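What follows is the residue order along each chain.
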Amino acid sequence: MSHDAHGSHTAHADHESHDTHHVNYLAIFGILCVCTALSVIFDVIHLNKALTILLVLSVAVTKALCVMMFFMHLKFEGNWKFVLLAPTTILAIGLPLALYPDVGASYYTQTAPQVTNWADEISAYQAEQAKHGEHAESAETPAPAHAE
Amino acid sequence: MSHTAKPTALKMGIPIPNSKLGLWLFLGTEIMFFTAFIGSYIVLRLGSRGWPTDPHDTHINVFAGGVNTFVLIVSSYLVVVAHEAMAQRRFAKARTYLLGTLILAFLFLGIKSVEYYGKISHDILPGHIAETSSQAIRKASRELEVVVRNRFAEYTDSGAVSTDRPNDIVNLVVQIAALPSATAPEGVSESTFKALQESAPADAELYSKWMNLHQHIVAEASLTVPATGPEYLAAREKLKAGEKLPALEYSEVESLLSELKSDEKYGAYVASGVFDMHPLVYGNIFASMYFLMTGFHAIHVIVGMILFAVVLKEGSKLNETWTDFVENSGLYWHFVDLVWIFLFPLLYII
């Protein structure tokens, strides 16, 4: 045990630089539990859609901040955290913004029949296309999909 | 080891262990990995009017998701106190906390698999979902065909019906319909043949029910009018220009299926092989996103479990050399929790 006691001193000294802060983890845990319960309650009581979205996302951001600041100790870390996390955060926000103009507008129609046997269907389609290419004048327009 | 109050001018880098810096860089890439999915999900959802949100359609269970959120939060808390115990050199305590985390991770995956089973048992799978009524009708007919073919396979597999073209279903049904008055071929036991003779009329009837539906789908005609033969041609003759036979309605097929499923002879086969008809607009992209995001999250949970198992494997030999490892796997675990904190409202509530 004497070895342990010696080790304890050095280990403690090593960690002192970033372990001196005292966080009441139980309190943070309590906040996280209350927030989770709030999310479920907001869903169950059926508020209007926009308000629900606003509330549950605010709760999620609160929870995320609690976890990052206290459980992940980011509150007590040096400024390197900004250097490390700012670029990824900016790119992460940029991605949906960049995709929105192309994909965020209605992007596919569900009225086409389901593809169940892709290989057969694509070769049948290609054969059909080849036939249409030969007899361009007599080609029929493809039958419209069954709209509901 | 000397204790210098300030790093010397030659000391480079950040005042954290290399392993922790590496872990944080990794978490930086992880943030982009998950926001690629979450961002695509948000964008796809904004572009899809009528995205399925009704839990009755999607089989999303907000309580299962809520309980899983709670499970992950408790496990995150246990990791934090485990690291604290490691720093205080209370290794036995740390092991207990980490064991608790591991058990909660198992619980999380258990609840997740119950949820997955709920989706799979309703065929809420990418590419499987009918998005319109006509797709739903075709899907039901395809599933009914598989039921019929599986029934017919019993006759061909046992040798009671011999054919060199097992896919020629018309050839099969003729032979099966004639089975009750036939004699057992060589090599087929008397009792097997007798049982098949008894089930043959029901299976032939099921075939005719499916074929009738199939023909009405091809003819795009309501089940109330004939879809083949002279009657069909006569009915079409009578149509004036621009007129059409009454169209096949979703509700007709739905009631036909419930009738088939409650039949005492073949109802059980139909019920187990044909899913409830349920057109779900954007259901496929919903299922893709759901399984992609929760699936990759579950893989991360499994990786975290491996990390904790590695620490627990040390048993009573756990010592201060593992403190950084526990801190880093804890950071990773909090990140897994963090992802779920956003997935839960995005997938289960909004």
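Residues numbered from 1 in each chain as written. Chains lettered and ligands numbered in written order. Predicted model: local features only at pLDDT ≥ 70, side-chain atom pairs only at ≥ 80, totals over all residues. Heavy atoms only, no water.

What to know about the overall build of chain B
- When its secondary structure is counted, chain B shows 12 helices and zero strands.
- Secondary structure elements of chain B, listed N to C terminal, follow the sequence α-α-α-α-α-α-α-α-α-α-α-α.
- Expected size for 350 residues packed as a compact globule is a radius of gyration near 20 Å; at 31 Å, chain B overshoots this value by more than 25%.
- Counting only C-alpha atoms, chain B reaches 100 × 60 × 35 Å along its principal axes.
- Within chain B, buried positions represent 49% of all 350 residues.
- Accessible surface, chain B as shown: approximately 16900 Å² in total, 61% of it carbon and sulfur.
- Distance between charge centroids for chain B: 12 Å, based on 27 positive and 34 negative side chains. (Helix = DSSP H or I, 4+ residues; strand = E, 2+ residues; numbered from the N terminus. Rg over C-alpha atoms; globule rule 2.2 N^0.38 Å. Buried < 20%, exposed > 50% of the residue type's maximum accessible area, 1.4 Å probe, protein only. Areas by Shrake-Rupley, 256 points an atom, 1.4 Å probe, with all protein chains shown as cover. Lys, Arg positive; Asp, Glu negative; His and termini not counted. Charge placed at Lys NZ, Arg CZ, Asp CG, Glu CD.)

Some words on the overall build of chain A
- Scanning chain A for helices and strands turns up five helices and zero strands.
- Counted from the first residue to the last, chain A has its helices and strands arranged as α-α-α-α-α.
- In chain A, which comprises 148 residues, the share counted as buried stands at 28%.
- Considering only residue pairs separated by 6 or more positions, chain A has 56% of its internal contacts joining residues 24 or more positions apart.
- When the accessible surface of chain A is split by element, carbon and sulfur atoms take 67% of a total near 9800 Å². (Contact = heavy atoms within 4.5 Å.)

Concerning unusual backbone geometry
All names here are of chain A.
- With a phi angle near 55°, His 46 is a residue other than glycine that sits in the positive phi range.
- Mapped onto the elements, His 46 comes out in the loop between α2 (25–44) and α3 (49–71).
- The phi torsion at His 73 lies on the positive side, around 60°, for a residue other than glycine.
- As for its position among the elements, His 73 is in the loop between α3 and α4 (80–104).

Topic: the confidence of the model for chain B
- Residue-level pLDDT values for chain B average 91, and 97% of them are 70 or greater.
- Complex prediction metrics read pTM 0.82 and ipTM 0.80. (pLDDT = per-residue confidence, 0-100.)

Description of the interface of chain A and chain B
- Opposite the 58 residues of chain A that make contact, chain B presents 69 residues.
- In this assembly, chain A packs against chain B so that about 5400 Å² is buried in total across both faces, 72% of it on carbon and sulfur atoms.
- Applying the counting criterion to the chain A and chain B interface returns one salt bridge.
- With its nearest N and O atoms 2.6 Å apart, the salt bridge here joins Glu77(A) to Lys20(B).
- The interface formed by chain A and chain B includes two residue pairs in polar contact (both at pLDDT 80 or more).
- When residues of the side of chain A that touches chain B are traced back to their parent elements, those giving at least two are α1 (2–19), α2, α3 and α4 of chain A. (Buried area = accessible area lost by both parts, 1.4 Å probe. Salt bridge = Lys/Arg side-chain N within 4 Å of Asp/Glu carboxyl O. Polar contact = N/O pair within 3.5 Å; in protein donor to acceptor, adjacent residues only side chain to side chain.)

With respect to the pattern of salt bridges
Residue and element names in this part refer to chain B.
- A complete count under the given rule lists 16 salt bridges over all chains for this structure.
- Across the pair Lys 112 and Glu 115 runs a salt bridge, and its minimum N-O distance is 3.8 Å. Note that Lys 112 and Glu 115 are positioned in helix α4 (residues 91–120) at a spacing of three residues, about one turn of the helix. The same class applies to Lys 112 and to Glu 115, which are both buried.
- Between Lys 139 and Glu 143 there is a salt bridge, with the nearest N and O atoms lying 2.7 Å from each other. Remark: Glu 143 and Lys 139 occur in helix α5 (residues 133–158); sequence separation between them is four residues, near one turn of the helix.

A word on the state of the cysteines
Residue and element names in this part refer to chain A.
- What the rule picks out here adds up to zero disulfides over all chains.
- The closest cysteine sulfur to the non-disulfide-bonded Cys 33 is located on Cys 35, 9.3 Å from its own sulfur.
- On the basis of relative accessible area, Cys 33 is assigned to the buried category, the value being 18%.
- Distance from the sulfur of Cys 66, which forms no disulfide, to the nearest cysteine sulfur (Cys 35) is 6.3 Å.
- Exposure remark for Cys 66: the relative accessible area of 10% places this residue in the buried category. (Disulfide = S-S within 2.5 Å.)

Topic: the nonpolar core
- With 91 residues, the main nonpolar core has Trp24(B) and Tyr348(B) as its most contacted residues.
- Those elements that provide at least two residues to this core are α2, α3 and α4 of chain A together with α1 (18–46), α3 (62–87), α4, α11 (283–312) and α12 (323–349) of chain B.
- Ranked by residue count, the leading element in this core is α12(B), at 16 residues.
- Excluding residues that lie within four positions of it along the chain, Tyr348(B) makes contacts with Asp43(A), Ile60(B), Asn61(B), Val62(B), Gly65(B), Lys112(B), Glu115(B), Tyr290(B), Trp340(B) and Leu343(B).
- Counting 38 residues, the second largest nonpolar core, distinct from the first, contains Tyr155(B), Phe193(B), Ala200(B) and Val253(B). (Core = buried A, V, L, I, M, F, W, Y, C linked by side-chain atoms within 4.5 Å.)

With respect to the side chain of Asn68(B)
Residues and elements named next belong to chain B.
- Here Asn 68 is to be found in helix α3.
- Among the residues examined, Asn 68 registers a relative accessible area of 0% and is labelled buried.
- Separated by 3.5 Å, the side chain of Asn 68 and the backbone oxygen of Phe 108 make a polar contact.
- When near neighbours in sequence (up to four residues on either side) are disregarded, Asn 68 contacts Leu 107, Phe 108, Ile 111, Lys 112, Glu 115 and Trp 340.

Comments concerning the confidence of the model for chain A
All names here are of chain A.
- Considering every residue of chain A, the mean pLDDT works out to 76; 70% of them sit at 70 or more.
- A low-confidence stretch, residues 1–19 stays under pLDDT 50, and its non-local contacts, those more than four residues away or across chains, total 10 contacts.
- Confidence drops under a pLDDT of 50 for residues 138–148, and excluding neighbours within four residues, the segment shows 11 contacts in the predicted structure.

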